[in-house]
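Breakdown of the fold
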Amino acid sequence: QVQLVESGGGLVQPGGSLRLSCAASRSIGSIYSMGWYRQAPGKERELVAGFTSGGSTNYAESVKGRFTISRDNAKSTMYLQMNSLKPEDTAVYYCKAKIFESVFRAYWGQGTQVTVSS
């Protein structure tokens, strides 16, 4: 099992920046894969950025060049640096971890609201 706690959301003007954090209750080195997802009102939850099991990263086309995913194993924390924010980035952002426990299980954080508006 793992508990995930997101933080860092808020209200920001278009063109601004935010950094989201996802603190895990166990070593993230033991987690199969992790990623950031978002869900806007009336839309499905979508992958924003993630780490694969091999440690490589992937990004949604809509955030490439603006968002950067990173992690600090010593702090068991994953980050999402978001720059050049747009109103369409407004959503609840969730952290997800996939762990192998006889079978693969997915765990989600509670989410953090990001609102981009002038």
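As shown above, the structure is provided for reference.
Here we summarise the structure given alongside this text. Going along each chain's sequence as written, the residues are numbered from 1 onward. In view of the model being predicted, local features appear only for residues whose pLDDT reaches at least 70, and side-chain atom pairs are presented and counted only at 80 or more, with totals across whole chains, interfaces and linings using the full set of residues. The basis for every side-chain value is the complete set of heavy atoms in the structure, and neither hydrogens nor water enter the calculation.

1. So, the overall build of the protein chain
Our working definition: Helix numbering and strand numbering both begin at the N terminus, where a helix is a DSSP run of H or I of at least 4 residues and a strand a DSSP run of E of at least 2. Restricting the calculation to C-alpha atoms gives the radius of gyration, and the globule rule supplies 2.2 Å times the number of residues raised to the power 0.38. For every residue, the accessible area obtained with a 1.4 Å probe (protein chains only) is divided by the maximum for its type, and the residue is called buried under 20%, exposed over 50%, and partly exposed between those limits. Should any heavy atoms of two residues lie within 4.5 Å, those residues are considered in contact. We get accessible surface area from the Shrake-Rupley algorithm with a probe of 1.4 Å; when it comes to residues, only the shown protein chains can shield them.
Per the secondary structure count, the protein chain includes zero helices and 11 strands. Mapped in sequence order, the helices and strands of the protein chain form the string β-β-β-β-β-β-β-β-β-β-β. Against the globule reference of 13 Å for 118 residues, the protein chain gives a C-alpha radius of gyration of 14 Å, in line with a compact fold. Summarising its shape, the C-alpha atoms of the protein chain cover approximately 45 × 30 × 25 Å along the three principal directions. Sorting the 118 residues of the protein chain into buried and exposed places 41% on the buried side. Intrachain contacts of the protein chain at a sequence separation of at least 6 include 53% that bridge at least 24 residues. Per element, the accessible surface of the protein chain, about 6200 Å² overall, is 47% carbon and sulfur.

2. A closer look at the pattern of salt bridges
Two side chains of opposite charge can pair, provided their charged atoms sit close to one another. Here is the rule we go by: Salt-bridge detection follows one rule: a side-chain nitrogen of Lys or Arg within 4 Å of a carboxyl oxygen of Asp or Glu.
Across all of its chains, the model carries five salt bridges by this definition. Arg38 is paired through a salt bridge with Glu46; the nearest N and O atoms lie 2.7 Å apart. You can call Arg38 buried: its relative accessible area is 6%. Between Glu61 and Lys64 there is a salt bridge, and its shortest N-O distance comes to 2.7 Å. Sharing partners across several salt bridges, the network here consists of Arg38, Glu46, Arg66 and Asp89.

3. Some thoughts on the nonpolar core
How we decide: Here, nonpolar core means buried Ala, Val, Leu, Ile, Met, Phe, Trp, Tyr and Cys residues that are tied together by side-chain atoms lying within 4.5 Å of each other.
Of all hydrophobic cores here, the largest spans 31 residues; its most connected members are Leu4, Met34, Trp36, Leu80, Met82 and Tyr93. For this core, the elements supplying multiple residues, two or more each, are β3 (18-24), β4 (33-39), β5 (46-51), β7 (67-72), β8 (77-82), β9 (91-101) and β11 (112-116). Tallying contributions element by element places β9 first for this core, with five residues. Those residues in contact with Leu4 that lie beyond four places of it in its chain are Cys22, Ala23, Ala24, Met34, Cys95, Lys96, Ala97, Tyr107, Trp108, Gly109 and Gln110.

4. Some remarks on a nonpolar patch on the surface
As a reminder of what qualifies: Only residues whose relative accessible area exceeds 30% and that take part in no salt bridge are eligible for patches, with like-charged residues grouped when within 9 Å of each other and nonpolar side chains (Val, Leu, Ile, Met, Phe, Trp, Tyr) grouped when within 5 Å.
A cluster of nonpolar residues, Tyr32, Phe100 and Phe104, forms a patch on the protein surface that exposes about 320 Å² of accessible area. Relative to the helices and strands, Phe100 resides in strand β9.

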